Amino acid sequence: MKETVLRLEELLFPSIADIAVLSVEVNDEAVLIEARCTMAGADCVGCRGWSERVHSSYLRFPADVPSAGKRVRLCLRVRRFICGNALCERRTFVEQVAGLTRRYGRWTERLRSTLAAVGLALAGRAGARMAGVFGVAVSRSTVLRLVEDLPDPEAPVPRVVGVDEYATRKGRFYGTVLVDVETRRPVGLLPDRESSSLAEWLAERPSVEVVCRDRAPFFAEGATIGAPQAIQVADRWHLWHNLSEAAERCVAKHRSCLGVLAREPAESAVAASPPETTGSPWPTGHRFADRIRDRHAIVHTLLAAGHSRRSIGRQLHMTHRTVKRLADAVAPEDLFQGQWQNRPTVLDEYKPYLDDRWNQGCTNAWALWEEIVPFGYKGSYQRVRAYLREKRLSPGPVSARPPTPRTVSGWILRHPESLTESEQLRLKAVLAHCRELDALTGHVRSFAQMLTEREGERLPEWLDAVRQDDLPTLHTLAAGIDRDRDGVIAGLTLPWSSGVVEGHVNRIKMLKRQMFGRAGFDLLRKRVLLYT
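Residues numbered from 1 in each chain as written. Predicted model: local features only at pLDDT ≥ 70, side-chain atom pairs only at ≥ 80, totals over all residues. Heavy atoms only, no water.

### Brief notes about the overall build of the protein
For the record, the criterion: Secondary structure is summarised from DSSP: a helix means a run of H or I of at least four residues, a strand means a run of E of at least two, and numbering begins at the N terminus for each. Exposure is judged per residue with a 1.4 Å probe applied to protein chains only, and the accessible area is read against the type maximum: over 50% gives exposed, under 20% gives buried, and values in between give partly exposed. The method behind every accessible area is Shrake-Rupley, applied with a 1.4 Å probe, and residues are considered shielded solely by the protein chains displayed.
Tallying secondary structure elements over the protein gives 21 helices and 13 strands in all. With 532 residues in all, the protein has 41% of them scored as buried. For the protein, the accessible area works out to roughly 30600 Å², and carbon and sulfur atoms hold 51% of it.

Take a look at the structure:
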């Protein structure tokens, strides 16, 4: 029996030496463990003085972590001691078992830490549901309160810090997250993205040597003020993203130069699928035309099977006149009648202009409607949209459509070896036709080589080359890079980046959505720093 009790003590309380298990009772619902403390005395809560004078004892029933699907209830006999220090304000105090109980606690410490871990992972409502699964009834507010009571982690002062913003309410309120790039763990969360807040955080940590950031001016200013000794590294992904946006705007300004590619796709499409000349005023796929064709086919099928027209009307719930019209029509196109087909409209005199603009690549109905209104068009936008929809749904392409600026900018931004043979030929045709786009391609590929091969020392030469060409969008980008030249050169030279910070920003989005409506900054900070 004694050996069994010792084994239970080691199993139930492996890290607590001052506890003795007296008995264990198991029923269908719970496990009741009777235990007591074996220490001779205890430290006073007020003066921390040692006392062995027992005043009285009573039973505590803290809940413990469930075992084998059953609730565990601990019946712990604790003693009340008399404090012998005459200067102490407390006359008596109750002993606490280190690692097992605390004052006014209804749970053991390991159950408390388990619920706090569940709260860190799942937040309040989902955490309360999960606690109910393993037999602990707890509210969502209590789970969140346990998370808030956790102490802040004592993270070492980082040497390389990554900084980025996160949205508490997108477009309105933002905060700042700071990550140790070397250990890939978050080390700080700020309630705003002001440069003063970042400068204050960095000033308290003078050992920071490198600050990885995007090209936001408030982060650059905060890093300069708070950590003047640190090297600022502009993130390479953001640099490439800025260049891609500038390249797409540049291609959009030279949209007319893309018309050189319009002839080849149009001819190949017509050769591959010649348009059907059915003579039908309604194209295939029109819902009214398809419905009439279906009805015509059904009626003639039933007539061929020997049904009378009156019987067909009863089966299809049609009037005798409707059945007669369908039965008398040899082809469904004979039923497409009406003067609307050849009736002149207010759009007729503007159709040549719309066709020309369509051939130039402008296919936006709203933009074309705004263009013809100053010319005297009095009709509606819906009429213009219907006319352009006809062109889109025609069996063969009505007119050639050049590639979009985004498509061409994608060809320019991608590695030449990743382009297909057709894309290479089409890009070559565009560049031969437009000198500005040819210069843009050269600058983009030169920057890509700088970025991939870490040749940041070539940046001043690249900026001078950009300024010599007539590319206003790249001039704007070059001016912004020049203002942050040191950070950009460091980003194109050093191996550090903000990629790990972007991952934590994405994780903050998940944590924020888990606690929607309850996520105050303090609670969000606890989960970001502790739940990794």
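### Concerning the sheet that holds strand β12 (residues 210–213)
Strands in a sheet are paired, the pairing made by backbone hydrogen bonds, and the direction either parallel or antiparallel. Note the threshold: For two strands to be treated as a pair, DSSP must find at least two bridges joining them. Axes, fitted as lines to C-alpha atoms, cover a helix only where it is in contact. Angles between the N-to-C directions of the axes lie from 0 to 180 degrees. What makes two residues a contact is simply this: any of their non-hydrogen atoms within 4.5 Å.
Spatial ordering of the open sheet is given by β11-β10-β9-β12-β13, a layout of 5 strands whose pairing is mixed. The outermost strands of the open sheet, each flanked by one partner alone, are β11 (185–190) and β13 (231–234). Neighbour-to-neighbour, the strand axes of the sheet open up by a mean angle of 30°, direction not taken into account. Where strand β9 (residues 160–169) and β12 come together, 3 bridges link them in parallel fashion. Along β12, the bridge assignment pairs G162 with C212. Where helix α4 (residues 195–203) meets the sheet, it contacts β9, β10 (173–180) and β11, and its direction lies at approximately 130° from that of β11.

### Some remarks on the nonpolar core
Under the convention used in this document: We define a nonpolar core as any set of buried Ala, Val, Leu, Ile, Met, Phe, Trp, Tyr and Cys residues linked to one another through side-chain atoms lying within 4.5 Å.
Counting residues in each nonpolar core, the largest one holds 34 residues, and the members touching the most others are L437, L440, F447, L459, W462 and L474. Going through the elements one at a time, α6 (236–253), α14 (405–413), α15 (421–433), α16 (435–452), α17 (459–467) and α18 (472–483) are the ones with two or more residues in this core.

### Quick notes on unusual backbone geometry
Even without being glycine, A123 reaches a positive phi, approximately 70°. Here A123 lies in helix α2 (residues 109–133). Even without a glycine there, the phi angle at R184 is positive, about 65°. The class for R184 is exposed, based on a relative accessible area of 54%.

### Side note on the layout of surface pockets
Applicable threshold: Here the term cavity refers to a set of points on a 1 Å grid, laid over the protein atoms alone, in which a 1.4 Å probe fits but cannot get out; the term pocket refers to an open set having protein on both sides within 12 Å along at least five of seven lines, with lining residues being those that place an atom within 4 Å of a point. Grid points are joined across faces, edges and corners, and a volume is the space filled by probe spheres set on the points. For this classification, Asp, Glu, Lys and Arg are treated as charged, while Ala, Val, Leu, Ile, Met, Phe, Trp, Tyr, Cys and Pro are nonpolar and the rest, including Gly, are polar.
Taken as a whole, the second largest pocket holds about 370 Å³ of empty space. Taken together, 14 residues make up the lining of the second largest pocket; nearest its centre are E165, A167, Y174, V505 and K509. Counting residues per element, the ones that place at least two in the lining of the second largest pocket are β9 and α20 (499–514). Per element, the largest residue contribution to the lining of the second largest pocket is 6 residues, and it comes from α20. Split by residue class, the lining of the second largest pocket holds 5 nonpolar, 1 polar and 8 charged.

### Here we look at the side chain of R79
Formally: The term polar contact refers here to a pair of N or O atoms within 3.5 Å; inside protein, the definition further demands a hydrogen-donor-capable atom paired with an acceptor-capable atom, and it admits residues adjacent in sequence only when both atoms are side-chain atoms.
Within the secondary structure layout, R79 lies in strand β7 (residues 70–82). For R79, a relative accessible area of 18% corresponds to the buried category. Among the polar contacts made by the side chain of R79, one reaches the main-chain carbonyl oxygen of M39 at a distance of 2.4 Å. Every residue in contact with R79, bar those within four places of it in the chain, is listed here: C37, M39, A40, V54, S56, S57, F93, V94 and E95.

### What about the packing of aromatic side chains?
As a reminder of what qualifies: We call Phe, Tyr and Trp rings a pair once their centres come within 6.5 Å, taking the six-membered ring for Trp, and we label the pair stacked below 30 degrees between planes, edge-to-face above 60, and tilted otherwise.
A complete count under the given rule lists 8 aromatic pairs for this structure. For the pair W366 and W369, a centre-to-centre distance of 5.0 Å together with 50° between the ring planes defines the contact as tilted. Here W369 and W366 lie together in helix α12 (residues 365–372), a separation of 3 residues that amounts to about one turn. Seen from their ring centres, W366 and Y381 are 5.0 Å apart, and the 65° between their planes marks the pair as edge-to-face. You can see W366 sitting in helix α12 and its partner Y381 sitting in helix α13 (residues 381–393), a full 15 residues away along the chain.

### Comments concerning the environment of V260
Secondary-structure assignment places V260 in the loop between α6 and α7 (263–272). By relative accessible area, V260 is classed as partly exposed at 34%. In sequence terms V260 and Q360 are 100 residues apart; their C-alpha atoms lie 9.9 Å from each other. Setting aside residues no more than four positions away along its own chain, V260 makes contact with A429, V430 and H433.

### Concerning the pattern of salt bridges
When charged atoms on two side chains of opposite charge get close, those side chains can pair. Stated formally: Any carboxyl oxygen of Asp or Glu that lies within 4 Å of a side-chain nitrogen of Lys or Arg is treated as forming a salt bridge with it.
Counting across every chain of the model gives 24 salt bridges. Between K526 and D152 there is a salt bridge, with its nearest N and O atoms 3.0 Å apart. One end of the pair, K526, is in helix α21 (residues 521–530); the other, D152, is in the loop between α3 (140–148) and β9, and 374 residues separate them in sequence. Since its relative accessible area comes to 13%, K526 is described here as buried. A relative accessible area of 41% means that D152 is categorised as partly exposed. Residues E436 and R435 are paired through a salt bridge, measuring 3.8 Å at the closest nitrogen-oxygen approach. Taken together, the shared-partner salt bridges in this structure form one network comprising D464, R467, D482 and R485.

### As for a positive patch on the surface
Inclusion rule: Patch definition: residues above 30% relative accessible area lacking any salt bridge, with like charges linked at up to 9 Å and the nonpolar side chains Val, Leu, Ile, Met, Phe, Trp and Tyr linked at up to 5 Å. Counted as positive: Lys and Arg. Counted as negative: Asp and Glu. His and the chain ends are not counted at all. Every charge is mapped onto a representative atom, which is NZ of Lys, CZ of Arg, CG of Asp or CD of Glu.
The grouping of R71, R73, R106 and R145 at the surface amounts to a positive patch. In this structure R106 comes out as exposed when scored by relative accessible area, which is 60%.

### As for the environment of A386
Residue position: A386 is located in helix α13. Using a relative accessible area of 43% as the deciding quantity, one classes A386 as partly exposed.

### Overview of the packing of α20 against α21
In a packed pair of helices, the relevant descriptors are the angle between the two axes and the axis-to-axis distance. The condition that has to hold: Angles are sorted into four bins: roughly parallel if under 35 degrees, roughly antiparallel if over 145, roughly perpendicular if 65 to 115, and oblique for all others. Here is the rule for handedness: rotate from the far helix to the near one, and if that takes an anticlockwise turn smaller than a right angle the crossing is left-handed, while a clockwise turn gives right-handed.
It is the contact of α20 with α21, at a shortest axis distance of 11 Å, that shows an interaxial angle of 135°. Compared by their axis directions, α20 and α21 come out oblique. Considering only the axes of α20 and α21, their crossing is right-handed. Of the residues in α21, those in contact with R507, I508, L511, K512 and Q514 of α20 are L524, R527 and V528.

### Notes on the environment of G105
Locating G105 in the fold gives a position in the loop between β8 (92–94) and α2. Each C-alpha atom of the pair G105 and A63 lies 9.4 Å from the other, and the pair is 42 residues apart in sequence.

### Looking at α21
Within α21, the full set of buried residues consists of L523, L524, K526, R527, V528 and L529. Where α21 is buried, its residues touch α2, α3, β9, β11 and α20.

### As for the pairing of strand β2 (residues 30–37)
Sheet topology places strand β1 (residues 19–26) next to β2; 7 bridges connect them, and they run antiparallel. From the neighbouring strand, V26 faces β2, where its bridge partner is V31. Counted along the chain from β1 to the antiparallel partner β2, the turn is 3 residues long. Sheet topology places β2 next to β7; 7 bridges connect them, and they run parallel. Its bridge partner being in β7, V31 is matched across the sheet by V72.

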